[in-house]
Amino acid sequence: QVQLVESGVGLVQPGGPLRLSCAASGSIFSISSMGWYRQALGKQRELVTKIINDGSATYADSVKGRFTISRDSAKITVILQMNSLKPEDTAAYYCFAAAQTAAYPIESTYWGQGTQVTVSS
C-alpha cells in the first residue's frame, strides 16, 4: 500500500501564495507520476498539475504561470507552490501518485486525504 499525506495551510487572500506538500510512504517499488487534482463545490474534479519520472511537468491552462510543482530527489515528496491565487482556485486539492508496490506490482493510483484551499478576502 501507498500512503499519501498532504500538508499546507488552506486560507489565503487573493493574490497571495500558498504551498502544499504531499509525502508518499509505504512499500513503494516505483512511482511514475505524482501531482494534484482539485474539485470545487459543484464542479468536476480536474487535473491541476503532474510531474513524471523525467521531471517534466504539465499544468492546467488555468494555473499556468502561477503554480509550480517540484519534487525531492527521492521522488516521493512533491511540493505545489501556488502564487497569485484567485478566488476561483478555491477547491479541495487532492494529491495522487501512480505507483507500483512490492506486494501489488500493477501500477495503481493512490490518493491523499485532500486539503481545502480557500482564497478569500
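The following paragraphs examine the structure supplied in this document. Everything numeric here is computed off the predicted structure, so don't read it as measured data. (Residues numbered from 1 in each chain as written. Predicted model: local features only at pLDDT ≥ 70, side-chain atom pairs only at ≥ 80, totals over all residues. Heavy atoms only, no water.)

Regarding the pattern of salt bridges
Note the following rule: Put simply, a salt bridge is a Lys or Arg side-chain nitrogen that is within 4 Å of an Asp or Glu carboxyl oxygen. Under the scheme used here, helices are H or I runs from DSSP no shorter than 4 residues and strands are E runs no shorter than 2 residues, and both carry numbers assigned from the N terminus. Relative accessible area decides the class of each residue, using a 1.4 Å probe on protein chains only: under 20% of the type maximum gives buried, over 50% gives exposed, and in between gives partly exposed.
Overall, the coordinates contain 4 salt bridges when judged by the stated rule. Between Asp 89 and Arg 38 there is a salt bridge whose closest N-O contact spans 3.0 Å. On the criterion of sequence distance, the pair formed by Asp 89 in the loop between strand E8 (77-82) and strand E9 (91-101) and Arg 38 in strand E4 (residues 28-39) is long-range, its members being 51 residues apart. Look at Asp 89 and you get buried, because its relative accessible area is 1%.

Some thoughts on the environment of Asp 89
For clarity, the cut-off: Contacts are residue-level and defined by heavy atoms, with any inter-residue pair within 4.5 Å sufficient.
The spacing of Asp 89 and Arg 38 is 51 residues in sequence and 8.8 Å in space, taken between C-alpha atoms. Leaving out residues up to four positions away in the same chain, Asp 89 has contacts with Arg 38, Val 63, Arg 66, Phe 67, Ser 84, Val 117 and Val 119.

Some thoughts on the sheet that holds strand E1 (residues 2-7)
Note the cut-off: Pairs of strands are assigned from DSSP output, requiring at least two bridges between the strands. Structural elements are reduced to axes, namely lines fitted to C-alpha atoms, with helices fitted over the stretch in contact, and the angle between N-to-C directions of any two is expressed from 0 to 180 degrees.
Pairing within the open sheet is antiparallel, and its 4 strands lie in the order E1-E3-E8-E7. Lying at the two open borders of the sheet, with one neighbouring strand each, are E1 and strand E7 (67-71). Neighbour-to-neighbour, the strand axes of the sheet open up by a mean angle of 15°, direction not taken into account.

Describing the side chain of Arg 66
Looking at where Arg 66 falls in the secondary structure, it is placed in the loop between strand E6 (57-59) and E7. Owing to a relative accessible area of 10%, Arg 66 belongs among the buried residues under this scheme. For Arg 66, the residues in contact, after removing those within four places along its chain, are Gln 81, Met 82, Asn 83, Ser 84, Leu 85, Lys 86 and Asp 89.

Some words on the pairing of E9
Of all 11 residues making up E9, 10 are buried, and the element is well covered by its neighbours. Sheet analysis places E4 next to E9, joined by 10 bridges and oriented antiparallel. Bridging from a neighbouring strand, Met 34 pairs with Ala 97 of E9. Here E9 pairs with strand E11 (residues 115-119) via 3 bridges, running antiparallel. The partner of Ala 91 across the bridge, within E11, is Val 117. Pairing between E9 and strand E10 (residues 108-111): 4 bridges, direction antiparallel.

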